[in-house]
Amino acid sequence: MFFENIDFSALELPQAARKLRDDVRAFLQQELAAGSYTPHLGHAEFDSAFTKKVAARGWIGLTWPKQYGGQERSYLERFVVTEEMLAFAAPCAAHWFGDRQTGPSLLRYGSEFLKQKYLPGITRGEIAFALGMSEPGSGSDLASVRTRAEKVAGGWRVTGQKVWTSWAHKADAFFVLCRTAPLTDDRHAGLSQLVIDIKTSPGVTVRPIRFMSGEHHFNEVFLDNVFVPDSHVVGEVGQGWKQITSELALERSGPERFMTTFPLLVELIRRLGKSDDARAQEMVGRLTARLWTLRRMSLAIALALDPSSGKQGAVDLGTEAALVKDMGTFYEREIVDAARLLVALEPTLDADDTFERFLAQCVVNAPVSTIRGGTTQVLRTLIARRLLGALK
Amino acid sequence: MTDTIDTRRMLTDVATRLFADHVTPKMLDVAKHEGWSLALWDELAKAELPWVGVPEAAGGAGGTLSDVAAVLRVAARHAAPVPLAETYLAGWLLASANLDVPRAPLTMAAADAEISAVKNGAAWRISGVFKRVPFARAAKQLVLLAEGQVFAVDMATCGITPGRNLASEARDDVMLDGVTALATGPTLVTCEALHARGALLRAVQIGGALEHALDLACEHAKIRTQFGRRLAQFQAIQQEIARAGGEVAAAVAAALSATGVVERLADHQDVQSAQQLLMAVASAKIRAPDAAREAAAIAHQVHGAIGVTDEYALHHVTLRALAWREEFGNEVYWSMALGRAMLAGGADDYWPALSAA
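Residues numbered from 1 in each chain as written. Chains lettered and ligands numbered in written order. Predicted model: local features only at pLDDT ≥ 70, side-chain atom pairs only at ≥ 80, totals over all residues. Heavy atoms only, no water.

Caption draft 1: View of the packing of helix α10 (residues 318-342) of chain A against helix α12 (residues 376-388) of chain A. Residue and element names in this part refer to chain A. Direction vectors running N to C along α10 and α12 enclose 140°, while the axes themselves pass 9 Å from each other. It follows from the interaxial angle that α10 and α12 lie oblique. Relative to α12, the crossing made by α10 is left-handed. Contacts from Thr-319, Glu-320, Ala-322, Leu-323, Lys-325, Asp-326 and Phe-330 in α10 reach Thr-376, Leu-379, Arg-380, Leu-382, Ile-383 and Arg-386 in α12. Looking at side-chain class alone, the contact of α10 with α12 contains 6 nonpolar, 2 polar and 5 charged residues. (Axes fitted to C-alpha atoms, helices over the stretch in contact; angles between N-to-C directions. Helix = DSSP H or I, 4+ residues; strand = E, 2+ residues; numbered from the N terminus. Parallel < 35°, antiparallel > 145°, perpendicular 65-115°, else oblique. Left-handed = near helix turned anticlockwise from the far one by under 90°. Contact = heavy atoms within 4.5 Å. Nonpolar A, V, L, I, M, F, W, Y, C, P; charged D, E, K, R; others polar.)

Here is the structure:
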C-alpha cells in the first residue's frame, strides 16, 4: 500500500549522523548564546553572515560531490543538519533554496558550466538562490505558467511575471519555469527551467509583496525581454516539468514539513514546567507521539532515497512524501492550537517573551504551510490516485 | 539488514497465504459467537506461526519481535480470531523465567494487589480474579506475572466468566481459587514491560486491521456507482480516502518503528533507553488509536449503509481496531504517561530526547 519495501523496525540513525548532530547543535547553541540571530518562526530569515558561518563548516551542499564544494555525505546526515536548523529556528534563507532545491537540480540536470558557475558558490554561502515558479495565473496549476522564452541567437528572450518569490530581493539568481514552446495538448511539454542572474540581468524588476503581518519576504518578479544565454538552460529544453516533479519526493518529506512550529512546542514545555495539569500532560504526550511518528516516516524516505541505500530509483516514494507533507503541515498547527489552549494570553508579534512571540508568529503564518509546496487538496488528489488508480 | 527484511517478507507471504486460505466469512461468523476459532488455530499451529518470536530453546519457533509484528499485522488484516499476540506474550513470559512454552494457545495477565500467591511446600497456590483476560476460554494455560515471578496455571483449574470485546473476541474474567501453579520461575520482566509490550502489539494489530479497512473502502469506491459516477471519481470521496491513507500509513509506521526500538532496547537498563522505549511504545499506542478513530470512520462513511451490516466484512476489522484502542492502555493513558515524562525532562532536554534515535 504505502512504504512497500521500507523496514521501519530497522530504521536508525547511523553513528556519523549522530556525531554530526552534536556538532551542529553545539554550533547553534553557541550562536544563540552569542545573540548572533533572533529565532523567528513562520519563515526563515535571510542572513548572509550566518549562512557563511554554516558554509565554513561544510554544512551546505553536504551530500554533493567534492569537486563542486560538497562533502559527499549521506542524505541522513543532511536530514540531521536540517532538523537541527529547524529545531533552533536558524536563519537559513540565504542558503535554503540553493542547498535544498536548485543545487540538487543542477547536479542532476545542469551542464558542467552551470555546476561550476553556481555549486561551489552555494556551498561557500556566496550565492543565494530563489525559485521562480508561481505566477499570477498559476498557483497550484503550475503547468499553466505563461512566462515565455523566445529563441534568439545565442539564447532566449524571457518575458513574464513570477509571484511569491521568496527573498528574490536578496538572491543572486533564480530558477525560472517558463514556456519555451507553444502550448499543445500535452500541457507538460514545452516547459523549461532557466537560471537567471537577478542582480545583473537587464530587464529584471523585483517588487515586494507584503505578507499579512507586514513583513517582506515574498516578491513579484517582472521579466521584461530578459536575455538568457543558452548555457543557462537547465537540462534539456522542453523537459522542465519532468525535472521539477522528479525532485518532489525529498522536498515534500523533509523535516521542514512538520518542524517549522517545533520551537514553539519547546517554549510551551518551558512555560508548562513540571506541570501536573492532566490536559497539559495529555497534549504534550500526543504532540510528542505524532512528531515521533512523522519523523520516522520522513527518515524512512530520506534513507530510501540516499544513493548509498542501493534503493534509489528502485522505489517511488512520491506519494509517501505527499502523505508526510499533508500530515506534517497539519501537525504544525496542532502545536499552535495546543500552545493557545494551554496558555491563556493575547500573543503579539513584538512581544519580548519568546513563547508569546513564537505563538503570534505561528498563528499569523499558519495558513502558509498547507499552501506552499503543494496544497493539501492537490496532495490528497495525488494520494487518492495511488489508492484508487487512475481516475477519469 | 537485507537478510532480515527478506526473511520477514517470506514470513509475511507465508502468513498471508495461510490466512487467506483459512479465514472465511463463515469462520468469522462462527467466531463471533464462540469468541475465537479453534479451526483456524489448528491450521496456524501446523505452520508453527503461533510460536514465532519465542526462542527455540524454550520450545518456540525462534525469530525476532519484528517477525512477530509481521505475523500479527497480517493476522489483523484478516481479522483472524485467534490468540496470537496473547500466546506470544505468554510464551515470552515463560521463556524469560526459563520455563517451557507448551505448544498450545496461551494467554497472560499481570497480577494486581487483589491477587494472593502463597507458597505451600514447593508449590504456589494462587487466588484472585483477573478481569477481561483475552481469549482465556481458548487458552490451555494462563501465564501470570506477579512480583518478579512467572506462574503458569492450567486454565482447566480456573473458573471462567465469558465476556467479549466490541468485535466479539473473547475477553473473559478468570477466577482462581487456591489454584496450584504448574510451574514457577523468577523473571526480570516487569508488569510495566508486559503492559508496554501488549500495547505495542495492539498498535501493530490496529495498523493491520486499518490497512484492510482502507483496502475495502478503496475497492468499494472503485465499484459503487451513484449519481451516474463511481464513488472514486468524486473529489469529496478522494480527499477522504487520501486522509484515511495517511492515517493508516502513520499507524503502521509508528507501530513497526516502535517494534524496532523495543527489539533493540528492551534489555537495556539505562535511563536513556527507558525514555526511548516509553517514547516508542507510547507513540505507537497513541498514533494507532488516533488513526483508528479517523480511518475506521472514513472507511464506513465511504461504504454508506452497506458497511454497517453483519454480513459485510468491514466491521470485522473496524470493530477490532476500535476495540484494541482500549486494551493495554488507551491514547489518553499513554499520552499522559509520555507527556509527564517529557515535561519532567524539561524544555532543554526535549529535542535531544526526540532526536536521539
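Caption draft 2: Structural detail: the sheet that holds strand β7 (residues 171-180) of chain B. All names here are of chain B. The 4 strands are arranged β2-β3-β7-β6 in an open sheet whose pairing can be described as antiparallel. Unpaired on one side and paired on the other, β2 (116-120) and β6 (159-161) mark the two borders of the sheet. Recorded for the sheet is a direction-independent mean angle of 15° between the axes of neighbouring strands. (Pairing = 2+ DSSP bridges.)

Caption draft 3: The packing of aromatic side chains, seen in detail. This model, assessed by the stated rule, comprises 15 aromatic pairs over all chains. Between Tyr-333 of chain B and Trp-334 of chain B the ring centres are 5.1 Å apart and the planes differ by 85°, which places this aromatic pair in the edge-to-face class. Among the aromatic side chains, those forming a connected cluster through ring pairs are Phe-27, Tyr-37, Phe-50 and Trp-59 of chain A. If you follow Arg-171 of chain B out to its NZ or CZ, it ends over the ring of Phe-135 of chain B, 5.1 Å from the centre. Lying over the aromatic face of Trp-92 of chain B, Arg-197 of chain B brings its terminal NZ or CZ to 3.9 Å of the ring centre. (Phe/Tyr/Trp six-rings, centres within 6.5 Å; stacked < 30°, edge-to-face > 60°. Lys NZ or Arg CZ within 6 Å of the ring centre and 35° of its normal.)

Caption draft 4: Focus on the sheet that holds strand β4 (residues 141-146) of chain B. Residue and element names in this part refer to chain B. Across the sheet, 4 strands lie side by side as β1-β4-β5-β8; this open sheet has mixed pairing. Each edge of the sheet is formed by a strand with only one pairing partner; in this case those strands are β1 (106-110) and β8 (183-186). Ignoring strand direction, the axes of neighbouring strands in this sheet form an average angle of 20°. Where β1 lies against β4, 5 bridges are found, and the strand directions are parallel. Looking across to β4, one finds that Met-108 is bridged to Val-143. Sheet strands touched by helix α5 (residues 84-96): β1, β4, β5 (149-154) and β8. Its angle to β1, the strand with the most contacts, is close to 70°. The sheet strands contacting helix α6 (residues 191-223) are β1 and β4, and the helix crosses β1 at an angle near 130°.

Caption draft 5: Representation of the interface of chain B and chain A within the structure. If you look at the interface, chain B gives 61 residues, while chain A gives 55 residues. Interface area for chain B against chain A, summed over the two sides, is near 5,000 Å², with a carbon-plus-sulfur share of 64%. Interface area lost by chain B to chain A is led by Leu-343, Tyr-350 and Trp-351 of chain B, which between them contribute 16%. Linking chain B to chain A there are 5 salt bridges. (Buried area = accessible area lost by both parts, 1.4 Å probe. Salt bridge = Lys/Arg side-chain N within 4 Å of Asp/Glu carboxyl O.)

Caption draft 6: Seen up close, the pairing of strand β3 (residues 123-134) of chain B. All names here are of chain B. Alignment of β2 against β3, held across 5 bridges, turns out to be antiparallel. Bridging from a neighbouring strand, Val-118 pairs with Arg-125 of β3. With antiparallel pairing between neighbouring strands as the criterion, β2 and β3 make up a hairpin whose turn holds 2 residues, including Gly-121 at a positive phi of roughly 70°. Here 7 bridges tie β3 to β7, and the two strands are oriented antiparallel to one another. When the sheet's bridge partners are listed, Gly-128 is paired in β7 with Leu-176.

Caption draft 7: Up close: helix α2 (residues 25-34) of chain B. All names here are of chain B. Buried within α2 we find Met-27, Leu-28, Ala-31 and Lys-32. Looking straight down α2, one finds that the buried residues subtend no more than 145° of arc, so they occupy a single side. Facing away from the buried side of α2, by more than 90 degrees, are the exposed residues Lys-26 and His-33. Gly-35 lies just past α2 and shows a positive phi near 90°. (Buried < 20%, exposed > 50% of the residue type's maximum accessible area, 1.4 Å probe, protein only. Arc of directions from axis to C-beta.)

Caption draft 8: Inspection of the pairing of β7 of chain B at higher detail. Sheet topology places β6 of chain B next to β7 of chain B; 3 bridges connect them, and they run antiparallel. What sits directly across from Gly-159 of chain B, in β7 of chain B, is Met-175 of chain B.

Caption draft 9: Broad picture of the pattern of salt bridges. Under the criterion given, the structure shown has 50 salt bridges over all chains. Among the ionic pairs, Arg-270 of chain A bridges to Asp-348 of chain B, the shortest N-O distance being 3.1 Å. Here Asp-348 of chain B lies in helix α11 (residues 347-354) and Arg-270 of chain A lies in helix α8 (residues 262-272), a pairing that spans two chains. Across the pair Lys-131 of chain B and Asp-173 of chain B runs a salt bridge, and its minimum N-O distance is 3.8 Å. Residue Lys-131 of chain B is located in strand β3, and its partner Asp-173 of chain B is located in strand β7; the two are separated by 42 residues in the primary sequence. Asp-173 of chain B sits in the partly exposed class, given a relative accessible area of 22%.

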